[in-house]
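Structure assessment
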Number of protein chains: 2
Amino acid sequence: MTSAVSAPTVSTTSPARGLICRACGAEFPLAAQHACFECFGPLEVAYDQAALARVTRADIEAGPQNIWRYAALLPAGQNPDTRVTLDPGMTPLVSAPALAERLGISAPLWIKDDSQNPTHSFKDRVVSVALTAAKELGFKRFSCASTGNLANSVAAHAARAGVPSIVFIPADLEPGKVITTAVYGGELVAIEGSYDDVNRLCGELVETDEFEDTAFVNVNVRPFYAEGSKTLGYEVAEQLGWRIPAQVVIPMASGELLTKVDKAFSELVEIGLVEAPEGGWAVFGAQSAGCNPIAVALHNETDVITPVKPTGIAKSLNIGDPAAGAYAIEAVRRTGGWMDYANDDEIRAGIRLLAETTGVFAETAGGTTVAVLQKLVASGKLDPAKETVVYNTGEGLKTLDAIAGQVGPTHRIKPSLRGAREAGLLG
Amino acid sequence: MTSAVSAPTVSTTSPARGLICRACGAEFPLAAQHACFECFGPLEVAYDQAALARVTRADIEAGPQNIWRYAALLPAGQNPDTRVTLDPGMTPLVSAPALAERLGISAPLWIKDDSQNPTHSFKDRVVSVALTAAKELGFKRFSCASTGNLANSVAAHAARAGVPSIVFIPADLEPGKVITTAVYGGELVAIEGSYDDVNRLCGELVETDEFEDTAFVNVNVRPFYAEGSKTLGYEVAEQLGWRIPAQVVIPMASGELLTKVDKAFSELVEIGLVEAPEGGWAVFGAQSAGCNPIAVALHNETDVITPVKPTGIAKSLNIGDPAAGAYAIEAVRRTGGWMDYANDDEIRAGIRLLAETTGVFAETAGGTTVAVLQKLVASGKLDPAKETVVYNTGEGLKTLDAIAGQVGPTHRIKPSLRGAREAGLLG
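None of these values were measured; they are calculated from a predicted model.

Considerations on the overall build of chain A
- Looking only at helices and strands, chain A has 16 helices and 14 strands in total.
- A globule of 427 residues ought to have a C-alpha radius of gyration of about 22 Å, and chain A, at 21 Å, matches this closely.
- Along the first, second and third principal axes, the C-alpha set of chain A runs to 75 × 50 × 45 Å.
- When the 427 residues of chain A are sorted by exposure, 64% land in the buried category.
- Here the contacts in chain A between residues at least 6 apart in sequence split such that 71% fall between residues at least 24 apart.
- A total of about 14400 Å² of accessible surface is found on chain A, and carbon and sulfur atoms cover 49% of it.
- In chain A, 35 side chains carry a positive charge and 49 a negative one; their mean positions are 6 Å apart.

As structure tokens, this is what we get:
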């Protein structure tokens, strides 16, 4: 399956022309390959720019209310009949005036609420693209290394498609994410170690004969997987009326989501679907204090990431050795953005602040991003007079433990008017 | 607020012409009134049929991707600027061929997956309509009596709208539903009693001076609230290409959802938007064995509901004294449907069966409905050769405890190829 010569390839209507090494620029055919044969650098999808340039706003607007409206800008899934998908995407862009006021932001502030995807995280986007490519490439089993949300999504996609799955997670995940993966009935392997251990093992398993027919969405089909994140850039631009916001704040685990939103904006400008905003756009990255290797590298004015052993409640961001960290730093530097990180108490406060002001209940990753937004405003790194979009990538129901001790009933009463009166509810 | 003379009324562009008593037919103006002044019977919204008949498929299809595309068929919310809403609706209608095969159903089977609403249950629909009406009627605080999902939805809607909320729940609710309400920062009152106790107390509070400005979505603005459920009928018909399915299976708590889906189908036929299917449509109701007063009354060939003290894991269905039970029985009898109930083990199995075959993770209410579907096929009450739509009204993440002991990792290994080999993952 790793040979590009004999393996099946993705749809002939794909605008992708091949895979390209992000380090040395070497090009390879579209296949299940994730590292450069020349320099071992990471690969990403390269497109036929002429094909992309033929896409119009009207084409997109006439498409379905999900990520597949952008199929002509994605490497796989042009044919609806061969998609492996829960049809994620077109999640709400929520106006957040009360949150803006609380933070001293005078320009429009928006929450891109990706908790509203089918399995309640942005991972449904990348999984739909990866597994659709995987099916086109002939794989017979679906897999991933996951901090939780990805496990949920791969198991659910496999169940919908009727394809076997085997999912790898750290043994200490939040119960919500374990049950929500196991319920779909696939194999679920708990590994006694960190996410980085899980990822390393999957990198070894993918080379074995027993896993030859297995697509690991974030290992051997990673270039396709990563492209799914572009839809979080496309949608924001379309939902703003085909405009790119001046500032975006994005949570970072591997750092890939941040680079792909930036790539999406660049593509939209290049192919003429939107005009670049005056002064360009600035990309900001959010990590937790328990796992902040990318932000620390930026603060230390280097692009060499020093891996860390993750701690803290933002488990979905706990990738201590982030694959796309250096690329995230490049994007942030190039666009004039910044990165920062929040500790567990700040993350909890971020979850509550977002919920109270917008009605959006985020998981710890979303709390992290809101807490970092607050820091970026306070430090002057983010301009409160410029339009800003904050990405919430997951659902609070999956990380209830994080705030379980902090919120609860404000009153407990007997079932009578007398009980209500004694609790002060009747003045 | 209960006087129709001096109170503000809903939008003048509303197609609603007043409230009508379901028992005696007496009519009243559109106001915050839920019981007939003549006979104390329950009120529902009556429409100007001529106004409804002007609505076209094209009007609806040009509307937003949420319940408000049907605003011209609802009692409030015609003006987008005055809506109190998270924009719920247009949830997926999921084809379920693998589930059909497992159950011996030969015709198309669909899951209407309403876990995909903003707070992950169908309650967002009724709350959006009720609170929009409440705002138009001049209320200053939002409230409800809830088994959990309604509490989540009211608290989130209030946070988004910046309006105070006070929500009443039984003290023994699932932790997920308590935290997911409390996080929005409103008042949350835990009552030491059953849902029926909570509901009774809210009926008393609404008459007090201190609650004069408070809209209880399912008490004093209940007629508006109930109409929101019609959108679950409209959407299924539109998503099937403007057709009504031959059979629908719907979970019952108060019984109101079932009656309103049936009402929606009737309206669509009356105003000429769809043709009635040959042989009409049959409506089936699902309860749990721990709270089955409506189904038992039907089985006993009466329409007098004997209240029960609810037990069992399907807490969102645990209304022991269901307000619309007799009307649900009427709809089921009239359409040639049936009702049945499932015990806790069957409900758990229903959750897992649905997840494994469709990728949809339902809360206990959805497991109940799937388990009852299975019984209805086995007993011959539901025709496996006719197209069927099953309603999943809530999200599995909210009732994790129900299956926490049943599903989990299939393997636990050390982070090495040797660990994988010892667990049998490498043949």
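Observations regarding the UniProt feature "domain: Tryptophan synthase beta chain-like PALP" (unreviewed entry) in chain A
- The positions UniProt marks with the feature "domain: Tryptophan synthase beta chain-like PALP" (unreviewed entry) are residues 85-394 of chain A.
- In residues 85-394 of chain A, the share of helix is 43% and the share of strand is 15%. The end C-alpha atoms are 18 Å apart.

Digging into the relation of the copies chain B and chain A
- Each copy superposes on the other: chain B lies on chain A with an RMSD of 0.0 Å after a rotation of 180° and an axial shift of 0.0 Å. Expressed as a symmetry operation, the mapping of one chain copy onto the other fits a two-fold axis. Among all residues of chain B, the minimum C-alpha distance to the rotation axis is found for B:Leu397, at 3.2 Å.
- A share of 100% of interface residues in chain B that are also interface residues in chain A marks the association as one of identical surfaces.

Section: the packing of aromatic side chains
- Throughout the structure, instances matching the rule amount to 14 aromatic pairs over all chains.
- Taken together, a centroid distance of 6.5 Å and an interplanar angle of 70° make the contact between A:Phe361 and B:Tyr184 edge-to-face. A residue pair is termed interchain when its members come from two chains, as with A:Phe361 in the loop between helix 13 (344-358) and helix 14 (364-378) and B:Tyr184 in the loop between helix 6 (175-182) and strand 8 (187-191).
- The class of A:Phe361 is buried, set by a relative accessible area of 4%.
- Taking relative accessible area as the criterion, B:Tyr184 reaches 7% and is therefore assigned buried.
- Measuring from ring centre to ring centre gives 6.4 Å for B:Phe168 and B:Phe211, while their planes differ by 50°; the resulting arrangement is tilted. Of this pair, B:Phe168 sits in strand 7 (residues 165-170) while B:Phe211 sits in the loop between helix 7 (195-205) and strand 9 (214-216), placing them 43 residues apart in sequence.
- Here B:Phe168 falls in the buried class, since its relative accessible area comes to 0%.

So, the packing of helix 5 (residues 149-161) of chain B against helix 6 of chain B
Residues and elements named next belong to chain B.
- It is the contact of helix 5 with helix 6, at a shortest axis distance of 8 Å, that shows an interaxial angle of 15°. By the criterion of interaxial angle, the relationship of helix 5 to helix 6 is roughly parallel. Our pair here, helix 5 against helix 6, has a crossing hand that is left-handed. Residues Asn149, Ala151, Asn152 and Ala155 of helix 5 lie in contact with helix 6, whose contacting residues are Lys177, Thr180 and Thr181.
- Partitioned by chemical class, the residues of the contact of helix 5 with helix 6 number two nonpolar, four polar and one charged.

A word on empty space enclosed by the protein
All names here are of chain B.
- Summed over all chains, the structure comprises one cavity of 30 Å³ or more.
- Computed from the structure, the largest cavity encloses a volume of approximately 30 Å³.
- Looking at the largest cavity, the residues that line it are Ala155, Ser165, Val167, Thr181, Ala182, Gly186, Glu187 and Leu188.
- Tallied by class, residues from the lining of the largest cavity come to four nonpolar, three polar and one charged.

A look at the UniProt feature "modified residue: N6-(pyridoxal phosphate)lysine" (unreviewed entry) in chain A
All names here are of chain A.
- Under the present numbering, the feature "modified residue: N6-(pyridoxal phosphate)lysine" (unreviewed entry) in UniProt falls on Lys123.
- Secondary-structure assignment places Lys123 in helix 4 (residues 123-136).
- For Lys123, the residues in contact, after removing those within four places along its chain, are Asn149, Leu150, Ser153 and Tyr225.

A few points about the sheet that holds strand 13 (residues 388-392) of chain B
Residues and elements named next belong to chain B.
- A sheet is described by the order of its strands in space; here six strands give the open sequence 4-5-13-10-11-12, paired in mixed fashion. At either end of the open sheet lies a strand with only one pairing partner, and these are strand 4 (93-95) and strand 12 (339-342). Strand-to-strand twist in this sheet, taken as the mean axis angle between neighbours without regard to direction, amounts to 25°.
- Against the sheet, helix 10 (residues 256-270) contacts strand 10 (247-251), strand 11 (282-288) and strand 13, and its axis sits at roughly 150° relative to strand 10.

Considerations on the pairing of strand 1 (residues 16-21) of chain B
Residues and elements named next belong to chain B.
- Where strand 1 lies against strand 3 (residues 43-47), five bridges are found, and the strand directions are antiparallel. Pairing of Ile20 across the sheet is with Glu44, part of strand 3.
- Relative to strand 2 (residues 27-28), strand 1 is paired through two bridges, and the arrangement is antiparallel. From the neighbouring strand, Ile20 faces strand 2, where its bridge partner is Glu27.
- From the end of strand 1 to the start of strand 2, which pair antiparallel, there are five residues, and Gly25 there has a positive phi angle of about 85°.

Brief notes about the pattern of salt bridges
- Evaluation of the coordinates by the stated rule reveals 50 salt bridges over all chains.
- A salt bridge links A:Glu238 to A:Arg69; its shortest N-O distance comes to 2.6 Å. Of this pair, A:Glu238 sits in helix 9 (residues 230-239) while A:Arg69 sits in the loop between helix 2 (57-61) and strand 4 (93-95); the two residues are 169 residues apart in sequence, bridging distant segments of the chain.
- Take A:Glu238: its relative accessible area is 12%, and that puts it in the buried class.
- For A:Arg69, a relative accessible area of 7% translates into the label buried.
- Note that B:Arg412 and A:Glu192 form a salt bridge whose closest N and O atoms lie 3.0 Å from each other. In this pair, B:Arg412 is assigned in strand 14 (residues 411-413) and A:Glu192 in the loop between strand 8 (187-191) and helix 7 (195-205), connecting two distinct chains.
- Take B:Arg412: its relative accessible area is 57%, and that puts it in the exposed class.

With respect to the interface of chain B and chain A
- With 65 residues of chain B at the contact, the number on the chain A side is 65 residues.
- For the pair chain B and chain A, the summed buried area comes to about 5500 Å², and 66% of that belongs to carbon and sulfur atoms.
- For the chain B face of the interface with chain A, the top three residues by lost area are B:Val183, B:Glu192 and B:Leu397, together amounting to 12%.
- Counting across the interface, chain B meets chain A through four salt bridges.
- Where chain B touches chain A, the interface holds 20 residue pairs in polar contact (both at pLDDT 80 or more).
- Among the elements that make up the side of chain B that touches chain A, the one with the highest residue count is helix 13 (residues 344-358) of chain B (six residues).

Quick notes on the rules
Residues numbered from 1 in each chain as written. Chains lettered and ligands numbered in written order. Predicted model: local features only at pLDDT ≥ 70, side-chain atom pairs only at ≥ 80, totals over all residues. Heavy atoms only, no water. Helix = DSSP H or I, 4+ residues; strand = E, 2+ residues; numbered from the N terminus. Rg over C-alpha atoms; globule rule 2.2 N^0.38 Å. Buried < 20%, exposed > 50% of the residue type's maximum accessible area, 1.4 Å probe, protein only. Contact = heavy atoms within 4.5 Å. Areas by Shrake-Rupley, 256 points an atom, 1.4 Å probe, with all protein chains shown as cover. Lys, Arg positive; Asp, Glu negative; His and termini not counted. Charge placed at Lys NZ, Arg CZ, Asp CG, Glu CD. UniProt positions renumbered as here; feature names shortened; annotations may be inferred. Least-squares fit on C-alpha atoms with pLDDT ≥ 70 in both. Phe/Tyr/Trp six-rings, centres within 6.5 Å; stacked < 30°, edge-to-face > 60°. Axes fitted to C-alpha atoms, helices over the stretch in contact; angles between N-to-C directions. Parallel < 35°, antiparallel > 145°, perpendicular 65-115°, else oblique. Left-handed = near helix turned anticlockwise from the far one by under 90°. Nonpolar A, V, L, I, M, F, W, Y, C, P; charged D, E, K, R; others polar. 1 Å grid on protein atoms, 1.4 Å probe; cavity = no way out; pocket = protein on both sides within 12 Å on 5 of 7 lines; lining within 4 Å. Points joined across faces, edges and corners; volume = space filled by probe spheres on them. Pairing = 2+ DSSP bridges. Salt bridge = Lys/Arg side-chain N within 4 Å of Asp/Glu carboxyl O. Buried area = accessible area lost by both parts, 1.4 Å probe. Polar contact = N/O pair within 3.5 Å; in protein donor to acceptor, adjacent residues only side chain to side chain.

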